[in-house]
Structure formats: C-alpha cells, structure tokens
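# Survey of secondary and tertiary structure
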4 protein chains.
Amino acid sequence: MARNTKTKETVSTAKGQVEKAGSLNEGGARAKRAAERRAAILHAALEEFAASGYAAARLDDVAKRAGVAKGTIYLYFADKETLFRELIHMELTPVVGVLIHAAQTDVPLRAFTSQLIEVFVREVFGTRRRDVIRLIITEGPRFPTIAEFYYRDVVGPVLEAVRGLMRRAIERGELKSDVLVRFPQLIVSPAIVAIFWNGLFDRFEPLDLRALLQAHFDILFGDGRLS
Amino acid sequence: MARNTKTKETVSTAKGQVEKAGSLNEGGARAKRAAERRAAILHAALEEFAASGYAAARLDDVAKRAGVAKGTIYLYFADKETLFRELIHMELTPVVGVLIHAAQTDVPLRAFTSQLIEVFVREVFGTRRRDVIRLIITEGPRFPTIAEFYYRDVVGPVLEAVRGLMRRAIERGELKSDVLVRFPQLIVSPAIVAIFWNGLFDRFEPLDLRALLQAHFDILFGDGRLS
Amino acid sequence: MARNTKTKETVSTAKGQVEKAGSLNEGGARAKRAAERRAAILHAALEEFAASGYAAARLDDVAKRAGVAKGTIYLYFADKETLFRELIHMELTPVVGVLIHAAQTDVPLRAFTSQLIEVFVREVFGTRRRDVIRLIITEGPRFPTIAEFYYRDVVGPVLEAVRGLMRRAIERGELKSDVLVRFPQLIVSPAIVAIFWNGLFDRFEPLDLRALLQAHFDILFGDGRLS
Amino acid sequence: MARNTKTKETVSTAKGQVEKAGSLNEGGARAKRAAERRAAILHAALEEFAASGYAAARLDDVAKRAGVAKGTIYLYFADKETLFRELIHMELTPVVGVLIHAAQTDVPLRAFTSQLIEVFVREVFGTRRRDVIRLIITEGPRFPTIAEFYYRDVVGPVLEAVRGLMRRAIERGELKSDVLVRFPQLIVSPAIVAIFWNGLFDRFEPLDLRALLQAHFDILFGDGRLS
DNA sequence: GATGAATGAGGGTTCATTCAT
DNA sequence: TATGAATGAACCCTCATTCAT
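Residues numbered from 1 in each chain as written. Chains lettered and ligands numbered in written order. Predicted model: local features only at pLDDT ≥ 70, side-chain atom pairs only at ≥ 80, totals over all residues. Heavy atoms only, no water.

### Let's talk about the overall build of chain A
Of regular secondary structure, chain A possesses 10 helices and zero strands. For chain A, the α and β elements follow one another from N to C terminus as α-α-α-α-α-α-α-α-α-α. Counting all 227 residues of chain A, 52% fall into the buried class. Contacts in chain A between residues at least 24 apart in sequence constitute 70% of all its contacts with a sequence separation of at least 6. Within the structure as shown, chain A displays about 10800 Å² of accessible surface, and the carbon and sulfur contribution to it stands at 55%. (Helix = DSSP H or I, 4+ residues; strand = E, 2+ residues; numbered from the N terminus. Buried < 20%, exposed > 50% of the residue type's maximum accessible area, 1.4 Å probe, protein only. Contact = heavy atoms within 4.5 Å. Areas by Shrake-Rupley, 256 points an atom, 1.4 Å probe, with all protein chains shown as cover.)

### Let's talk about the relation of the copies chain B and chain A
Once chain B is rotated about the relating axis by 179 degrees and shifted along it by 0.0 Å, it coincides with chain A to within an RMSD of 0.3 Å. The transformation just described matches what one would write down for a two-fold rotation axis. Most of the interface of chain B is mirrored in chain A, where 100% of its interface residues are also at the interface. (Least-squares fit on C-alpha atoms with pLDDT ≥ 70 in both.)

### Notes on the interface of chain B and chain A
Of the residues lining the interface, 56 residues belong to chain B; the matching set on chain A comes to 57 residues. Summing the contributions of chain B and of chain A, the shared interface buries around 4900 Å²; its carbon and sulfur component is 71%. In this assembly, chain B and chain A are joined by two salt bridges. A salt bridge links Arg 163 of chain A to Glu 205 of chain B; its shortest N-O distance comes to 3.2 Å. On inspection of chain B and its partner chain A, the count reaches eight residue pairs in polar contact (both at pLDDT 80 or more). Elements with a contribution of two residues or more to the side of chain B that touches chain A: helix 1 (24-52), helix 6 (128-139), helix 7 (144-171), helix 8 (179-182), helix 9 (185-201) and helix 10 (209-221) of chain B. Here the residues of the side of chain B that touches chain A sort into 35 nonpolar, 11 polar and 10 charged. (Buried area = accessible area lost by both parts, 1.4 Å probe. Salt bridge = Lys/Arg side-chain N within 4 Å of Asp/Glu carboxyl O. Polar contact = N/O pair within 3.5 Å; in protein donor to acceptor, adjacent residues only side chain to side chain. Nonpolar A, V, L, I, M, F, W, Y, C, P; charged D, E, K, R; others polar.)

### Focus: the relation of the copies chain D and chain C
Each copy of the sequence occupies a distinct position, and chain D is placed on chain C by a rotation of 179 degrees and an axial shift of 0.0 Å, giving an RMSD of 0.3 Å. Looking at the interface residues of chain D, 98% of them are also at the interface in chain C, so both copies use one shared face.

### Overview of the packing of aromatic side chains
Aromatic rings in a pair are described by how distant their centres are and how their planes are angled relative to each other. Throughout the structure, instances matching the rule amount to 48 aromatic pairs over all chains. On the basis of an interplanar angle of 35 degrees and a centroid distance of 5.5 Å, the ring pair of Phe 49 of chain A and Tyr 54 of chain A is categorised as tilted. Per residue, the accessibility class of Phe 49 of chain A equals that of Tyr 54 of chain A, and both read buried. Ring-pair connections join several aromatic residues into one group, and the members of that group are Tyr 150 and Tyr 151 of chain A together with Trp 197, Phe 201 and Phe 204 of chain B. For Lys 80 of chain B, the ring lying beneath its charged end belongs to Tyr 54 of chain B, and the centroid distance is 4.8 Å. (Phe/Tyr/Trp six-rings, centres within 6.5 Å; stacked < 30°, edge-to-face > 60°. Lys NZ or Arg CZ within 6 Å of the ring centre and 35° of its normal.)

### Quick look at the nonpolar core
One finds Met 166 and Leu 180 of chain A together with Met 166 and Leu 180 of chain B to be the most contacted residues of the largest nonpolar core, which totals 150 residues. Those residues within four positions of Leu 180 of chain B in sequence are excluded, and the remaining contacts are Ile 219 and Leu 226 of chain A together with Met 166, Leu 175, Leu 186, Ile 187, Leu 220 and Phe 221 of chain B. In terms of nonpolar packing, the next biggest core, distinct from the first, is built from 146 residues, Phe 84, Val 124, Val 132 and Phe 221 of chain D among them. (Core = buried A, V, L, I, M, F, W, Y, C linked by side-chain atoms within 4.5 Å.)

### As for the pattern of salt bridges
All names here are of chain A. Counted under the stated rule, the structure contains 80 salt bridges over all chains. Its salt-bridge partner being Arg 65, residue Glu 47 comes within 2.6 Å of it at the nearest N-O pair. Of this pair, Glu 47 sits in helix 1 (residues 24-52) while Arg 65 sits in helix 2 (residues 59-66), placing them 18 residues apart in sequence. We classify Glu 47 as partly exposed; its relative accessible area is 33%. Among the salt bridges present, the one from Arg 168 reaches Asp 106, with a minimum N-O distance of 3.5 Å. Highlighted residues: Arg 168 in helix 7 (residues 144-171) and Asp 106 in the loop between helix 4 (80-103) and helix 5 (109-125), separated in sequence by 62 residues. If you follow the salt bridges from partner to partner, you end up with Asp 106, Arg 168, Arg 172 and Glu 174 in one network.

### Topic: the interface of chain D and chain C
Counting residues at the interface gives 57 residues for chain D and 56 residues for chain C. Summing the contributions of chain D and of chain C, the shared interface buries around 4900 Å²; its carbon and sulfur component is 71%. Applying the counting rule to chain D against chain C returns two salt bridges. Taken together, chain D and chain C are joined by eight residue pairs in polar contact (both at pLDDT 80 or more). If you list the elements that add at least two residues to the side of chain D that touches chain C, you get helix 1 (24-52), helix 6 (128-139), helix 7 (144-171), helix 8 (179-182), helix 9 (185-201) and helix 10 (209-221) of chain D. Among the elements that take part in the side of chain D that touches chain C, helix 9 of chain D stands out by supplying 11 residues, more than any other. Residues that form the side of chain D that touches chain C fall into these classes: 36 nonpolar, 11 polar and 10 charged.

### Side note on the environment of Ser 114 of chain D
Residue and element names in this part refer to chain D. By secondary structure assignment, the location of Ser 114 is in helix 5 (residues 109-125). For Ser 114, a relative accessible area of 40% puts it in the partly exposed group. Here Ala 111 takes part through its backbone oxygen, which lies 3.3 Å from a polar atom of the side chain of Ser 114.

### Some remarks on the domain arrangement of chain A
Residue and element names in this part refer to chain A. Split into domains, chain A comes out as domain 1 (2-73) and domain 2 (80-221). Taken together, the contact pairs 22 residues of domain 1 with 20 residues of domain 2. In total, about 2000 Å² of surface goes out of reach between domain 1 and domain 2, with carbon and sulfur atoms giving 64% of it. Sorting the residues of domain 1 by area buried against domain 2 places Leu 42, Leu 46 and Tyr 54 first, and these three jointly supply 35% of that buried surface. Put simply, domain 1 and domain 2 have one salt bridge between them. In terms of residues, the side of domain 1 that touches domain 2 owes the most to one element, helix 1, which gives eight residues. In the side of domain 1 that touches domain 2, the residues fall into 13 nonpolar, six polar and three charged. (Domains from an automatic or database assignment.)

Next comes the structure, spelled out in structure tokens:
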C-alpha cells in the first residue's frame, strides 16, 4: 500500500475496450492493438505481483515485461491499485460462470469428482489462476473492494452452487449428512492449502496434488469409512 | 523486498536477552527494560506487518506503536528483514515443542480432537500466532530462509508427529486407512483456510470456527459416514 | 563513506552520451538535453564536493544547484560514489593527452617553463581542475580506485613524460644532474602546495602564483645559483 | 560538516585539566585519570579522523578505540567539532616552539639541512603529526578557525622564522638570492607533497623520503648547479 | 564521573506518477 | 497514442547528541 492509502474503489472502465469511432478499418486495428497492449500489461502485472507481492512489485518491471514504456501503463490504468484490481476482475470473471454451471450438474458425486480434480489441476493449478487466487488471499485484506468483489461475485456464488450440489446429492441419497451444506469450505480447503504448499515447501516435500485431492474426495464421498 | 534482496540470513542473538554482568539490581533492571523494549518492538512489528504486509509496513509506524523512537529499533535489530525473521522465530519456537508433545498422546482420537480444537482456537486462532502463520504463508515465498526454517523446525516435525499419531490410531484399530499418514495436510487444511477466511470474508459470512473444525473431525474420525 | 564501503568500481557508460537512434531531430535534441543535464549535475557535484568534501556533500544540494530534482541524479549516476568517480574521470581524461604531448617538446627548458606556467595558471589553477586535483588528493585515500586510476592514467604517465623531458634536457646539455629524473615530484610540488595554500591561507597571506612558479623554475633551470 | 554548520568557534577549556579542589590525594588521582582519558580520546580521534576524514568518522568508533563509552567523549569535549579543533591544537602547539627555536640557529645551511631532514622524518613523517598536517590541509577549508589558528600560530611564525634563517644565510654569504625569503613555501613543498604521496601512490611507486629531501636541499643549497 | 540506551533529524535511494515531446 | 525523462514524497538507516541510571 505505502503511498496508496486512499483506496480508490471504482473500477475504471477498461479504456482499451471503449472504441472511439474512427475510420472503420484503422479504428478496428487500433482497438485491437490497444486490447493487446492491455492484455500484455495485465499479463506482465500478474507475474510481477505474483512474484513480489503487490507492494514490492515495480511498475517499471511490469512495463519492461509487457514490452511497453512505463507511461503507457497509465494510458490503460489509472494507477497501480486499479491495475491490480482490474487484474483480479479480468482473471476471475470468466471462471465463475463455468464453475457455477458445472455445479448445476446432476451427475453422481463420485463420477463428478474425478472430473473436478482434472479441471482444477489443469484449469487452475497449472495456470495463472493459481497466482490470482494466491494474490486475492494474500493481498485481499489490504484491498477491501477486492475481497468484497471476490466474495460477492466469486466465492459466494460458487459456495452457493456447491451447497446446491450437496443438497441435490442428499436428495438423491448420495449424502447422509448436511455438514457440507453448512461448511462447503471443507470441500475446497485442501485445494487452497495445496496452492500455498506449492510456493513454500514443495522443494522440501513435494505434494502430489491429484493424489491429495483424490484422497480428500474419497474421504468425503467414498463408500469406505476411515474409522 | 525492494532493497532487501540480499537476504541476510543470520538471526542475531537476542540482544536484550544477553545479560551483561553488572551490579545485580541495576543490571537486572536494565536487562528487564531491554527485554521489554525488545518485546514491545516485536509486538508492534507483528501488528504492522500483519496489517500491511512486510513490504508496505513502515518502521516508523512500528516505532510509534511500540512507543520508541525510530532509531531504537536498530538497537535491537539489524534491519527490517532481521526484525521480521526474528519475529517469526520468536513466536514459533516455543509452540513446536508443545505441539509435538501433544501429538505423542495415546488418547483415542475422538477424545483428542475436541481438546485439539479448543487448544487451536485459544492458543492459535485467538492470538498473535494466527498472524504469524498468515505472515509465513503470505511472505514466505519472498523469504526462502523463513520458509526453510518453518518447514524444518515447524511444519516438518509437526506433520511427522501427526503421522505418528495416525499410525498409532491405525494400530489401535481406530483408523482403517493410511490416507492421513500419507496426507496429514488433510487434517489441518480447514484450520488454515479458516485463518484466511477470517481476514477476508468474515464480515460477509462469519465462520463458526469451532463448529467447522468439529464437523471436519467428525468427517475424518466420526463413526457415521457421509455417504 | 558510511554506507558506501562496498566500492562499486565500474564506471557506468555515460548515459547521456549514448544516442539511441530516433528521429533525427528529436533524437539529437533529447541526447543533447540529456548531455546538458549530465554536465549540469557533474558541474554542481564538483562544486558541492569541493566545498564540503565527499562525505558531507548532500545530493540534495547538488540537485538544487544543478536545477534538477533529487531523483534525477539517479537517472544519470548509479549512486553518490559513482557520481564522484565519474566526475574525476571526466575532468582528467582530456587533460592527460595534452600534458603528455606538451612534455614531448624539444624546446629549451627555460623557454618552455614560462609557457608552462601560463598554461598551469590558466588551464588548471583558474578552473574547476584545481578542485578536482584537490579532491583527488584529499579523498583519494578513501577511494582506492580513484587513486589507482589517477596514478595509472594521470600521475604515472605525466611523471614519465616529465622524466623524458628531463632526460632530453640532459642530452642537450641543458641539465647536468639527473636528480629531476629521479624525483620529478620536485618539479611540481610548489604547484601542489599553491593549490592548497589558496583555500587555506590566501586570506591571510596571498600567494602570487606566477611569481612563485617563476622563482621555482629559476632555481631549477636558471643559470644563476642560489648559493 | 553535515549538521555542524554553526561552527562553534570557542575552544573549550580543557575540562580534564581543571582540577576541582577535592581531597588532595584523590583529587590528584582523579585529575590524572581524567587527563589520561582525555589523551586517549584525542589519540583515538586522530586515528579515526585520519582514516575516514572528519565528516565520515564516527564518534562511536572513536569511543571504542579510546576504550570509553560514547557519552564520555562529551564529558571532555563539547561536540565533534570541538574535539577536532582541540586535537589540532594539542598536536601542534608543542611543535611550534621547537621549530622556531631550531630556525634561530646560525649553523651553515648545508650542515643544518641534513639534521632537518632527520628531524622531519623522525618527528613528523613517522608520527601522528603527519596525520595532523594532512587533516589540517584537507579539512581546513571547512574549519575557518582551524585554518586561522594554524596560520597565526604555526605556519605564519614558522615561515617568518624560516625567512629569518634565509636572511641570515644571505648575510653570511651562503645564499645569493632572496627568492627563498620571498617564497619560503618553496623550501617545504616537497615535504608536503611527500605526505600526500604516501597515502595515495606509495603502493604503486614508493617514494624515498630522505633521498627526495636530500635532493631537494642539494638543489636549493648545494654548490653544484643543475644547469 | 561514566555509561550506553535512546532519540530524532537528516541523508541516500527508490519508485509511483506526471508531462513534454 | 506512446514514450521515458523528470519529479518529489517517502522510506530505511545512520549517527551526533542527550540523559536516566
């Protein structure tokens, strides 16, 4: 935060997406180029923020990595904080729909989970989304609007969808307890922990993510009991 | 990080704890006062680091909060990074022994867990230790030696002790599967998630920590099955 | 010195002198402006260093005197020490060639000296070079590379050239003794002393530099004997 | 100078030399101890100032080297600048009388010089006095009162004595020219240069001080001519 | 007197942000 | 629109000086 204590809360409308009416062709080309630059900056910013944290990341490095001049960043984003917030937005918005849609399935849980693991490993863990999640969790407390947006638009809806999933599983007789309706966090916590384990302890004790999640879902939805 | 890239790794011997032989009374009083100051600075530092993160925390604020002048910090700690590292050390070292000792119990798991929950809620969640854990997880990737220390001296030994606990539970016939020996992370992940939930989403959806953990242990060690 | 103990020894390539290919006019204008700024900073730095000494000179004052912001200095020089070293380099490099070339003359010594006096008075004593020399001598012991550079690239070559001059004078029969070949320092020491006298005692007892040097060379090369 | 811009000009009366009337014996012991401490501090200060220059020298190091606490320095000297000024005083005052007395000799110059060389080498060059002279010359411009004291009480009288020496040599017929009466600086400049050469270039090209001075006096007072 | 912990002004350096080109 | 030089507010750290013990 340092000198950004004022917390500008409005998310600036993505400048590069507003197409000024120009000559048709050139306008299109410009808009395209602008969108590419925007994307390049966001991409670079994610890597820098993920590597150094929000406060220690330098816009100089973001610019360098994005292949633009430092000033150019300010053509697309009002300031460092806005860049950060838009970054989170951009990365998460498309995912939410998919997640919720996925949670509306009526497939038996045990068939569903193996697919879920695969999707998580491929679409989250192996991608920039893992960094986004880490950033939200680590920087969230200093960015109230991010936490709020994240809860309202992501965590809340997803948990609700998961609760629906659990409820339907109960109705189908697949689950006997409503504990996962009350604490859907229990379903995802190993995934969260795995995300952090990775950057901290993997070099000391690697974690087999797929096996971990499989074991976890076996415990939750498996037919054998632990005890 | 900024100018702290060089990573000075030695943990300075706690100045305030070394009592130079002086006149008995005065020497003791001085040493006591020094220890108090040291503690006040560490305390203040924890709060500032927890609130702002390492990079954004200002030693000026630490000093103000500790009720000392800025320069005084440097009488006790070589620099910002050393202050941070000693903070982590100091808070964790005494806990580890307790945890490992606790894990050597031979009490039935279900009797043990309720006690475990209580200890965690009171001795970790309700204390500065929660902030320390959060700091390690959020800043650890930028402080390799902290991550290393934390793994070698805390996480590793504790997980090992937990594995032992699980093995003995299996031998006693309390557990049928060795999955928790292979993935002891599964036992603690809800607690980790709860720590982060607290700072991020509690104002939107409060989490009943005790109930969450109880539900979690019920799933792991309870006699009823979820499915 | 304080925190500059590490002695970064590389002399950064003069930023303002590297012209990136740009549009011809603008590129030239930019480069010119940069070179001017660089020069202004070096100029201001020399005055501040000369007035206060390296350690006590404040970059704040250098910036103010140069008419730039404090941060601007760091666009042109890596740090205070580098600024200092480049200052020395810049001022001396062009002079050496001239000196050595001058020493290769075959003019009779007595005709040469009057010219030498004039050049020294005008080109050294009356200019910033006097301050540079003073700085090298006063700060040199704390900046080993400056002393080394100064010896290798300035003092050594110049003394060698002077020795050559003396040798040729001996061959021509102008000098009978080789004492000035063995101790060329004797030729320049009054000039050195005059440089320091100036800043210290001139207000109490002004020194007529020209007359001093003339008297000195009369003693060395004159046909009358003192005793 | 840094924060010592105010230039306190009064030389504090040496505190340790003022004997407070106490019990006779103890008072004497105390006074002696005090004088020793004062001397130790001055000694240490000279070494630190000589090594780092006035501005960069740290009183902490002076105290450490003197074997006293930092605060103790302030019992004997008002502040850093006073310490520095008293240092210069103390070292020079005793020398001046000797020099002037020596210059009142009526011995033939050539017999005198060999003795002079010996004294300079032993009593100045090989001692802390060399550092004092270097300090005066390098720091003098920033300490007007030091330069003034040095001129009034040392340089001026000594030069005057030297002039007298030269005049008498002329009267005795040993010297034909009055050039050394007009420019007595010419007599000492090689010694000054040798002092600086030592710290700067000795590792590249050692200078045989005795031989240098002998050659110098041979030129000035020898019976052979250079040309 | 002597100590050395404590102070806090100040300096070097960084970096988000601006603006002339 | 894009650039990157320039700005200057902060921040970490140092060190002369003070003061309670």
